[in-house]
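# Understanding the architecture of this molecule
Here are the chains, one letter per residue:
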Amino acid sequence: MPAAPTTDLARLLRRFRARSGLTQEALAAVTGLSTEAIGALEGGRRRQPRPTTIAVLAKALDLSEDESQLFERAARRPVAGSLQLPAPIADFTGRSSQLDELVQLLRSPYAASPGVVISAIGGMGGIGKTTLAAQAAQQVVDEFPDGQFSVNLHGGSAKPLSTADALRMLLQALGVPPTGTDDLEETAARYRSALAGRRVLLLLDDATSVDQVRLLMPGTPGTAVVITSRQQLAALPGVRRLDLDVLTEPEALQLLGEVAGHHRVIEEPDAAREVVSRCGFLPLAIRIAGQSGRTAKGLQGLVAQLTEEGDRRALLTGPGAGVSRSILVSLVQLERNDHPEDEATAKAFPRLALFDGDHFPLRAAAKILGKSLDTTEAMLERLVDIHLLETPAPQLYRMHDLVRDVGRALARTELSDSELAEIHERELTCYLGVLSRLGEMVDYPDLYGARGERPWSAGAEDLIDREEVVSWLRDELPNLVRLIRVAAGGDAAERLTAVRMALGMPRISTALMRFGEAYTAARTVVRIPVELDPRLEAGRLYQMGFMEASLGLYEASVPWKGEALPLARKLEDPTLLTVCLIDLGYGLGRAGRSAEGMPYAEEALALIERHRIHRFEVGANVAVGALAGWLGDLERQRAAFDRAISLMPSRSALGPSAAHRSLIGRSLQEAGQYEASLEVLNGALADARAAKLEITEADLLRELGCTYLELGDWPKAHEALASGLEIALRFPSDYREPPLRHYLGRAFAGLGRPAEARREWKQALTKYRQTADHRTEEVVELLAGLEGDREGGGGLEEGRGGRSDEGVVDPGPASGGEDPADRGGIA
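What counts, and where the lines are drawn
Residues numbered from 1 in each chain as written. Predicted model: local features only at pLDDT ≥ 70, side-chain atom pairs only at ≥ 80, totals over all residues. Heavy atoms only, no water. Helix = DSSP H or I, 4+ residues; strand = E, 2+ residues; numbered from the N terminus. Buried < 20%, exposed > 50% of the residue type's maximum accessible area, 1.4 Å probe, protein only. Contact = heavy atoms within 4.5 Å. Areas by Shrake-Rupley, 256 points an atom, 1.4 Å probe, with all protein chains shown as cover. Phe/Tyr/Trp six-rings, centres within 6.5 Å; stacked < 30°, edge-to-face > 60°. Lys, Arg positive; Asp, Glu negative; His and termini not counted. Salt bridge = Lys/Arg side-chain N within 4 Å of Asp/Glu carboxyl O. Polar contact = N/O pair within 3.5 Å; in protein donor to acceptor, adjacent residues only side chain to side chain. Core = buried A, V, L, I, M, F, W, Y, C linked by side-chain atoms within 4.5 Å. Axes fitted to C-alpha atoms, helices over the stretch in contact; angles between N-to-C directions. Parallel < 35°, antiparallel > 145°, perpendicular 65-115°, else oblique. Left-handed = near helix turned anticlockwise from the far one by under 90°. Nonpolar A, V, L, I, M, F, W, Y, C, P; charged D, E, K, R; others polar. Pairing = 2+ DSSP bridges. pLDDT = per-residue confidence, 0-100. Arc of directions from axis to C-beta.

A few words now on the overall build of the chain. If you tally the helices and strands in the chain, you get 39 helices and eight strands. Within the chain, the proportion of its 827 residues that are buried is 59%. The contacts of the chain with a sequence gap of at least 6 include a subset with a gap of at least 24, amounting to 70%. Split by element, the accessible area of the chain, about 32100 Å² in all, is 50% carbon and sulfur.

Scanning the model with the defined rule gives five aromatic pairs in all. Both rings, one in Tyr431 and one in Trp472, keep their centres 5.3 Å apart while their planes meet at 45 degrees; by these two values the pair is tilted. In this pair, Tyr431 sits in helix α21 (residues 417-441) while Trp472 sits in helix α22 (residues 466-475), placing the two residues 41 residues apart along the sequence. Overall, Tyr431 belongs to the buried group, its relative accessible area being 0%. A connected cluster of aromatic rings, assembled from ring pairs, spans Phe355, Phe360 and Tyr397.

You can see Arg404 is positioned in helix α20 (residues 401-414). An unpaired buried charge is present at Arg404: no salt bridge exists, and Asp356, the closest side chain of opposite charge, is 4.9 Å distant. Of note is the side chain of Arg404, whose polar atom sits 3.4 Å from the backbone oxygen of Phe355. Polar side-chain contacts of Arg404 include one of 3.1 Å to the backbone oxygen of Gly357. Every residue in contact with Arg404, bar those within four places of it in the chain, is listed here: His154, Ala353, Phe355, Gly357 and Met399.

Formed by 169 residues in total, the largest nonpolar core has its most connected members in Leu352 and Met505. For this core, the leading source of residues is helix α28 (residues 574-590), giving nine residues. Ignoring any residue separated from it by four or fewer positions in sequence, one finds Leu352 in contact with Phe360, Ala365, Ile368, Leu369, Leu380, Leu383 and Met399.

So, on to the packing of helix α34 (residues 694-711) against helix α36 (residues 737-750). Two numbers describe how α34 lies on α36: the axes approach to 10 Å, and their chain directions differ by 30 degrees. As far as their axial angle goes, α36 and α34 are roughly parallel. Helix-helix and strand crossings are classified by hand; for α34 and α36 the assignment is left-handed. Residues Arg702, Cys706 and Leu709 of α34 touch α36, and the partners they reach there are Leu740, Tyr743, Arg746 and Ala747. A per-class count over the contact of α34 with α36 returns five nonpolar, no polar and two charged.

The subject of this paragraph is the pattern of salt bridges. Within the structure shown, the criterion is met by 41 salt bridges. Here Asp401 makes a salt bridge to Arg230, at a shortest N to O gap of 2.5 Å. Here Asp401 is found in helix α20, whereas its partner Arg230 is found in the loop between β4 (223-229) and β5 (240-243), with 171 residues between them in sequence. Taking the shortest distance from any N to any O, the salt bridge between Glu603 and Arg569 comes out at 2.6 Å. Of the two residues, Glu603 is situated in helix α29 (residues 594-611) and Arg569 in helix α27 (residues 554-571); the sequence distance between them amounts to 34 residues. Owing to a relative accessible area of 36%, Arg569 belongs among the partly exposed residues under this scheme.

The next subject is the environment of Gly222. Looking at the element boundaries, Gly222 is found in the loop between α10 (210-213) and β4. A C-alpha to C-alpha distance of 6.0 Å links Gly222 and Arg198, two positions 24 residues apart in sequence.

Among the eight residues that make up strand β3 (residues 200-207), eight are buried, leaving the element largely enclosed by the rest of the structure. Looking at chain direction, β3 and β4 are connected through six bridges and run parallel. Paired with Ala207 across the strands is Ser229, a residue of β4.

Closest axis-to-axis distance for the helix α23 (residues 477-488)/helix α25 (residues 516-525) pair is 10 Å, and the angle between their directions is 5 degrees. By the criterion of interaxial angle, the relationship of α23 to α25 is roughly parallel. For the pair α23 and α25, contact is made by Leu477, Val481, Ile484, Arg485 and Ala488 and by Glu517, Thr520, Ala521, Thr524 and Val525, respectively.

This part covers the confidence of the model for the chain. Chain-level statistics for the chain give a pLDDT mean of 84 and a share of 88% at 70 or above. Here helix α39 (residues 792-795) stands out as the element of the chain with the lowest mean pLDDT, 41, in contrast to helix α18 (residues 362-369), whose mean of 97 is the highest. Ignoring residues within four places in sequence, the model shows residues 790-809, a span with pLDDT below 50, making 57 contacts including any to other chains. Below a pLDDT of 50 lies the segment residues 816-827, which in the model reaches 62 contacts outside its immediate sequence neighbourhood of four places, other chains included.

Before going further, it helps to examine helix α2 (residues 24-31). For α2, the full list of buried residues reads Gln24, Leu27, Ala28 and Thr31. Mapping the buried residues of α2 onto a view down its axis gives an arc of 100 degrees, with all of them on the same face. Opposite its buried face, α2 presents the exposed residues Ala29 and Val30, each directed more than 90 degrees away. Considering only its buried residues, α2 is in contact with α1 (9-20), α3 (35-42) and α4 (51-60). Following α2 by one or two positions, Gly32 adopts a phi angle in the positive range, close to 85 degrees.

Position of Tyr444 among the secondary structure elements: in the loop between α21 and α22. For Tyr444 and Arg507, which are 63 residues apart along the polypeptide, the C-alpha to C-alpha distance reads 9.7 Å.

In this section: the sheet that holds strand β7 (residues 390-393). On the basis of which strands lie adjacent, the open sheet formed by three strands has the order β6-β8-β7 and antiparallel pairing. Edge strands, defined here as strands with exactly one partner in the open sheet, are β6 (360-361) and β7.

Both trends apply: most residues other than glycine have a negative phi, and most peptide bonds are in trans. Here the phi dihedral of His154 falls at roughly 55 degrees; this positive angle occurs in a residue that is not glycine. For His154, the position within the fold is in the loop between β2 (148-152) and α8 (163-173). The exposure class of His154 is buried, given its relative accessible area of 14%. Not every positive phi belongs to a glycine, and His387 is a case in point at roughly 70 degrees.

Take Arg590: it is sitting in helix α28. The class for Arg590 is buried, based on a relative accessible area of 13%. Of note is the side chain of Arg590, whose polar atom sits 3.1 Å from the side chain of Glu670.

Turning next to the environment of Leu678. Tracing the chain through its elements places Leu678 in helix α33 (residues 674-690). Look at Leu678 and you get buried, because its relative accessible area is 8%. Spatially, the C-alpha atom of Leu678 lies 7.1 Å from that of Thr707, the residues being 29 residues apart in sequence. Each residue touching Leu678, except ones within four places of it in the same chain, is listed here: Leu704, Thr707, Tyr708 and Leu711.

Residues spaced three or four apart along an α-helix point in a common direction, a consequence of the helix completing one turn every 3.6 residues. Within helix α5 (residues 65-75) the residues assigned to the buried category are Glu67, Ser68, Leu70, Phe71, Ala74 and Ala75. Seen from one end, α5 has its buried residues packed into an arc of 160 degrees, which puts them on one side. Projecting away from the buried face of α5 at angles above 90 degrees are the exposed residues Glu65 and Asp66. Structurally, α5 contributes buried residues whose contacts are with α1 and α4.

Structure below.
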C-alpha cells in the first residue's frame, strides 16, 4: 500500500523517533510529554499540536533546520474548508485486500456500471468503515481535482441527517447559492447539475437507509461515491458492496501491539488474545482498551478490568459491548489515578458526549463544564490521549458515535433532567455570546437590546481579536445552523434564543461573504411561533428580506421588508426606521419598481436630517441616486452620488466606502455614464486594496471590466477581468468565477482571440449549467455565433445583454457601516 505523504505529521514523528532510537516512553521522558500524548500524535488522533510541543519534540529528536521546518509545516492547521474528508490514521492495520479493492474501484470510476462508483461498506459500528474509506480516499485524492467532500449522515444516532440538510451542505460546498425552494426533487436536480462534468470524490458516512442517500447520488460519470453504513443498502442501484467483518485475530493482535506496545503482546500472548477477544475484535475497542494496557499491570491487568467492568455495567450490548467495556476501563483508570484532574476528566466525559454535530469547540466544552479554557483544554487533551476523543484541529474535538453512545448512556444514569437541560442552555448561550461579541466589535447600533443589563455577549467578553472571532465562527457555521434549528423547535426560551442567534448571523456571513448558512437561519426562525419584543419581530422579518436580497432575489425580498416597515414605524425608533426605508426603497428599484421605491428613500433622507442619523446618510444618498438613474433623472442621480462621495471621508471607513462606491459605479454604468463610472470604480478599487478586502476587490474588477467592455476597450477589460478571476479562484464557494469567465470571454473575443474566448465561455457554461443559471442561454448563443461573427467581440456591439444581479452580493446601500464585516442591514 502506498505510504501517506511525507508531510503527514504522524509519519514524520514516527520516522524521526525511529531514527533517534528512542521508544515512545523514552521520548516522553526527554520532552516532558506523556507517553499517551506521543501515541496520540503518532496515531494521528492529534494532528495540529501546540507550537511549544513541536519545538520540544524537534529539539529532543535533534532535527536539522530543514527537518524542523518540515515538521512545523506538517503541524500547521489546514485552510478551513467545508465537508473535508477525514484524515487517515497512521496506525491503520489489516484490511489489505478490502483497501486494494476499494482503491481500484475509485481509480477507475468510468469502468463501473452504470458509470458511477458506489461502494457501500457494510458492517457494525466501530468495525472501521470510516477509517477504511478515509485510508482509500487518501490514496486517490489526486484523481479528483474538482473536490473531495465528506458528509456525516449520522445514521447511528437518534436523529439522522435529513436528505434535505445533506443536499444543502453539499450545494454550499460546491459553491451553489441557495434559491429558497423547499422542493426536494428540485434541489436534488440542482445538485446533480452542479456535479455534472466534475471529478469529485464524495464520502457519505454512516448512512441509515437507501431513502436517505438516493437523492445524493450523482447523475453522470465522474463523481465517485463511497457510502459507509451499518445496513446492506442492497436496493441501491449500481452498488458495489464491500462488507467488513471484525478483524482476524492476527490483525487484532497487530493493532493491539501498535497501541499498547508490541513487546507487551509478545511477552503476554495469552492475555493479548483475551484482550482482543473481550474487545470483540473491533478496531475502535482495541484502540481504546490498548492504551490502558500500557500501565504497570500490563495486559493481564487489562483483562481483569475488562472482565470486571463488562460484567458490572453493560451499557451497550451485542456488537457494541466491546467498545463499552474498553471505555469503562479507561474511565475507571482515570478515576483511580492520583491526579484530581483525571477524576474530573472522567466525570466530564458523559457531559461532553451530549454534543451533537461532527465536532465541538473548546469554548463550548468549557461553557458546559463550567471550567476555564485552560483547564478544559487539559481535560480534553487527556481524553485524546486515551482514544476517547480526536482533535482534527487546535481547540476542535470529535467523538466517535459509539463512544458517544456510551457517554450518553452514562449521562442518562448520572445526570438529572434539569442538569441535562442546563447543559443544552449553556451550549446555546455560548454560541449566542460569540455571535453577539462580533456585533459589538463592528460597533453596529444596538437595535435589539443586545447590550442591555444582560448582554447577549455574556461569557464572550474575553474575545478581543475580531479575526479570531471570525475564524471561530467560520469553523462553527454547521453547528450554528444546527443549534438554531434545534432551538427553533424547543420551548419559548429556546425559540427566543434561536431568533437572537439568527439575527446575529449576518455579521459572520458578510465577514466571510458567504450567505447560505445565514439564509437558512433566517428562514428557520422567520415564522416560528414565539412572543417577541417588537424590535425582534421587525428584525426577523427584515432579516429575511435582507438575506433574499443578498442572494440577488430582490422581488422575493420586498414583501419581507414591506412587512417589517409598519413595525418599525410603531417602534418610533428613527435608526431602525431609516434602515428599513433605505433598503426597501433600493430593493424595489432593483426589482424594477423604482417609482414605488423613491418615496421610501426620500423619507429616509428626511429622517436622517431631522434626527441627525449621520451614519446612514451616505447609504441614503446612494439609494436616491440609484433610483433616480433607473427613473431616467440623470441630473438628480449625479447630485445624490456627488453628495454621497463628498460625505465618505468623514462618515465611512475604507471598507464601507468601497462598497458604496461600487454601487454608485454600477448604477452609473447602467445609466450609460461610463466615464463617470470608471472614475468612481477606480476610487473604490483603491479603497478596497488599501483595506485588503480581496472579495470586494474582485467585485470591483468585474464592474470595471464590464464598463470597459461597454466602451469597447478590450485590453483594459481583459486586464481587469483576468485580475478579478485570479482572486475569485481563491474563493470558489462564492460563485464569482462564472460571470468573470463569461465577461472575460467577451474581452478575448474583442481582442480577436477566439480560441481563448471559447475556452472561457465553455468553462462559464459548465458552471452556469451546474446551478441552472439563466445566463446559460446567452453563453450558448455566444459560442454558437463565435465562428460567424468575430468582429466586435462576438456580438459585443449588442451590449452585455442578459447581465443579471444573480450571484452578485448586493445587500443594499443601508448596509454600509464602520467595518468591512458590517454589511448586514439592521440585523
